[in-house]
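Notes for the structure review
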Amino acid sequence: MASESPGAAKRLVRELVLSRAFRAAAYHPNPRVREIDPDGRWLSRWPTRRLEAEAIRDSMLAVTGVLDSSMFGPTVNGNQPRRGVYVRVQRNNLDPLLSVFDAPEPFSTVGARNATNVPAQSLMLLNDPTIHRWAQAWGGRVNGMVDASDAERIERMFLTAFARGASEHEIAACLELLDEFRTIRERSQADITQQAALLEELNQQLLAIERPYREQLEGTRTTNPVVAPTPLHEWNFRDTDPNEESDLALTLSGDARRGTDGLELSGNGWAASETIPVALEARSMEAWVRLATLDQQGGGVMSLETPDGITFDAIVYGEQEPRRWLAGSNFFDRTLSFQGDDESEATERFVHLVWTYAADGTIRAYRDGELHGHGIRKSPLVSHAAGTTRVLLGLRHSPAGGNRLLRGTILSAALFDHDLSAEEVSRRQQLGPSHVTRSQLLAAMSPADREQWQLLSKRQDEAEARLSELRSAAGGTIDPADDWAQLALTLLNLKELMYVD
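Read on for a plain summary of the structure. (Residues numbered from 1 in each chain as written. Predicted model: local features only at pLDDT ≥ 70, side-chain atom pairs only at ≥ 80, totals over all residues. Heavy atoms only, no water.)

**What about the environment of Asp-37?**
Residue placement: Asp-37 occurs in the loop between helix H3 (31-36) and strand S1 (49-50). Here Asp-37 is in contact with Trp-42, Leu-43, Ser-44 and Arg-45, once residues within four sequence places are set aside. (Helix = DSSP H or I, 4+ residues; strand = E, 2+ residues; numbered from the N terminus. Contact = heavy atoms within 4.5 Å.)

**Describing the sheet that holds strand S10 (residues 325-329)**
An order of S3-S6-S14-S8-S9-S10 is seen for the six strands of this open sheet, with the pairing classed as antiparallel. At either end of the open sheet lies a strand with only one pairing partner, and these are strand S3 (250-254) and S10. Shown here is a sheet whose adjacent strand axes are inclined to one another by a mean of 15°, direction ignored. In terms of strand pairing, S3 meets strand S6 (residues 269-273) through five bridges, oriented antiparallel. Bridge pairing in S6 places Leu-252 opposite Ala-271. (Pairing = 2+ DSSP bridges. Axes fitted to C-alpha atoms, helices over the stretch in contact; angles between N-to-C directions.)

**Regarding the environment of Val-76**
Structurally, Val-76 is set in the loop between helix H4 (53-64) and helix H5 (96-100). Residues Val-76 and Val-87 lie eleven residues apart in sequence; the distance between their C-alpha atoms is 5.0 Å. Residue contacts for Val-76: discarding those within four places in its chain leaves Arg-82, Tyr-86, Val-87 and Arg-88.

**Quick word on the pattern of salt bridges**
Side-chain pairs of opposite charge can arise where the charged atoms are in close proximity. Applying the stated criterion across every chain, the model contains 29 salt bridges. Here Arg-113 and Glu-54 are joined by a salt bridge, their closest N and O atoms 2.8 Å apart. Of the two residues, Arg-113 is situated in the loop between H5 and helix H6 (119-127) and Glu-54 in helix H4; the sequence distance between them amounts to 59 residues. With a relative accessible area of 33%, Arg-113 lands in the partly exposed category. A salt bridge links Asp-261 to Arg-290, with the nearest nitrogen and oxygen atoms 3.0 Å apart. In this pair, Asp-261 sits in the loop between strand S4 (257-258) and strand S5 (263-266) while Arg-290 sits in strand S7 (residues 283-291), placing the two residues 29 residues apart along the sequence. (Salt bridge = Lys/Arg side-chain N within 4 Å of Asp/Glu carboxyl O. Buried < 20%, exposed > 50% of the residue type's maximum accessible area, 1.4 Å probe, protein only.)

**Digging into the layout of surface pockets**
Approximately 850 Å³ is the volume attributed to the second largest pocket. Elements with a contribution of two residues or more to the lining of the second largest pocket: H5 and helix H7 (129-143). Broken down by element, the residue count for the lining of the second largest pocket peaks at three residues, all from H7. Taken together, the residues that form the lining of the second largest pocket break down as 14 nonpolar, 14 polar and seven charged. (1 Å grid on protein atoms, 1.4 Å probe; cavity = no way out; pocket = protein on both sides within 12 Å on 5 of 7 lines; lining within 4 Å. Points joined across faces, edges and corners; volume = space filled by probe spheres on them. Nonpolar A, V, L, I, M, F, W, Y, C, P; charged D, E, K, R; others polar.)

**Digging into helix H11 (residues 422-430)**
Taken together, the buried positions of H11 are occupied by Glu-424, Val-425 and Arg-428. Down the axis of H11, the sector holding all buried residues measures 100°, keeping them to one side. Structurally, H11 contributes buried residues whose contacts are with strand S2 (233-236), S7, strand S11 (351-357), strand S12 (363-367) and strand S15 (407-416). (Arc of directions from axis to C-beta.)

**Focus on helix H14 (residues 483-492)**
Counting buried residues along H14, nine of its ten residues qualify, which places the element largely inside the surrounding structure. Among the residues of H14, Asp-483, Trp-484, Ala-485, Gln-486, Leu-487, Ala-488, Leu-489, Leu-491 and Leu-492 are the ones counted as buried.

**Some thoughts on the packing of H4 against H7**
As a packed pair, H4 and H7 sit with axes 8 Å apart at the nearest point and diverge in direction by 25°. Comparing their axes, H7 and H4 come out roughly parallel. Residues Arg-57, Met-60, Leu-61, Val-63 and Thr-64 of H4 touch H7, and the partners they reach there are Ile-131, Trp-134, Ala-135, Ala-137, Trp-138 and Arg-141. Split into classes, the residues belonging to the contact of H4 with H7 amount to eight nonpolar, one polar and two charged. (Parallel < 35°, antiparallel > 145°, perpendicular 65-115°, else oblique.)

**With respect to the side chain of Ser-303**
Summarising the element assignment, Ser-303 is placed in strand S8 (residues 299-305). Given the relative accessible area of 0%, Ser-303 is considered buried. Of the polar contacts made by the side chain of Ser-303, one reaches the backbone oxygen of Asp-313; its length is 3.3 Å. In this structure, Ser-303 is in contact with Met-285, Phe-312, Asp-313, Ala-314, Arg-390, Val-391, Leu-392, Leu-395 and Arg-396, ignoring residues within four places of it in sequence. (Polar contact = N/O pair within 3.5 Å; in protein donor to acceptor, adjacent residues only side chain to side chain.)

**Structural notes on the packing of aromatic side chains**
This model, assessed by the stated rule, comprises four aromatic pairs. An angle of 80° between the planes, with centres 6.5 Å apart, marks the rings of Trp-325 and Trp-355 as edge-to-face. Residue Trp-325 is located in strand S10, and its partner Trp-355 is located in strand S11; the two are separated by 30 residues in the primary sequence. With respect to burial, Trp-325 and Trp-355 carry one shared label: buried. Judged by centre distance (5.7 Å) and plane angle (90°), the rings of Phe-338 and Trp-355 are edge-to-face. Of this pair, Phe-338 sits in the loop between S10 and S11 while Trp-355 sits in strand S11; the two residues are 17 residues apart in sequence, bridging distant segments of the chain. One Lys or Arg, Arg-82, reaches over the ring of Tyr-86 and ends 4.0 Å from the middle of that ring. Note that Arg-88 overlies the ring of Phe-331, its terminal NZ or CZ placed 4.1 Å from the centroid. (Phe/Tyr/Trp six-rings, centres within 6.5 Å; stacked < 30°, edge-to-face > 60°. Lys NZ or Arg CZ within 6 Å of the ring centre and 35° of its normal.)

Put into structure tokens, the structure is as follows:
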């Protein structure tokens, strides 16, 4: 066969798949055929079989309309919508979707693939953020069929997914499911809105009690103000809404919220900006951050990423080296150890972090105005055209999940359109907060204000926990307002998409 032309192999495959045995239905054989050949040994029909892992992934990409069918090029990670043949195989970083559907692990020779049916597969299809993104794309296209009825949209979805029309019973069941999604969404959204309003009211009451004591403890600014470089974009989370002062709006997701000390992140929330309207070459990222714990690994303080999360540069804590700061990047393409000291103070106070990216690809980290370890250079600088990147706070890169989310509080963040010098970093550090701690605030308060603050703080914690519960129940990473995306996810979970009959 090796000596034959490639066309001969294609002709052979075509002949096989067009044969009567290959095309005969497995579920409804002729009664006489069932009697003569109950096990299909004589190929009276083709046996039902599950698709291989790569084919399942590619089928979902094709059905949802996001498949990139271009040929050739470099390998990609599983989040990118290219065919499975291009997905990178890396022994210590295997694609979870392919692995759960029995793709071989490159640790030893595999003579034949298994075709298991285990709960982990259903859990992956229901909860994986990447599959949610694909379902969101499919649902968005279906929702855009403005001239079609709901029944016609459902019919189109079945034709796309299963190459057959939907039965009357299936259409009725899907319509009922859509109504259920809408009812749940409207009810949960009303609860979320009410709870978010309560939380914001409590935040404002706490800020009102704190403000005079904070001003008293911080004192007045020096009469000789520091002259420091002006950021391209800046967000300050203390006392004011950052979107009132910045021309690049942020959207909070998950349970991220603006609290009494800044942007509070529990490991389940983050903030994302609009796309940056200018091109970026050399640049710097700055943040004042306090960690909730020193033992977390991989959370991003601030990141500059393409919205699909494929390319990013980030201020990261503890990913490759526990308790150390890192310049995170996609597949560690630009990441090396700074050889800096272990972090020991960031849970007690806000620390000032600046990551600078020079035109030659050199990355330097500064902590509290001083060079952290030494500069690194592993590969050239990644340039970004206007409108192709955004800023993330509290998340290493999209999609959200795993150890990418930070636990802590971000006081402020800024993006610069050049690599700051050591002197400029020092000046920026001098503009920072005076590190007034919560215990200092409470000690300075009158007994009445302290008692009221503690009562409001307890109510705030309860309201925050309740809001997190409501958001988790509202549909995971799929926008709860997109009922068609929920239906798309339901169809992607049907076995008919993964089995050949």
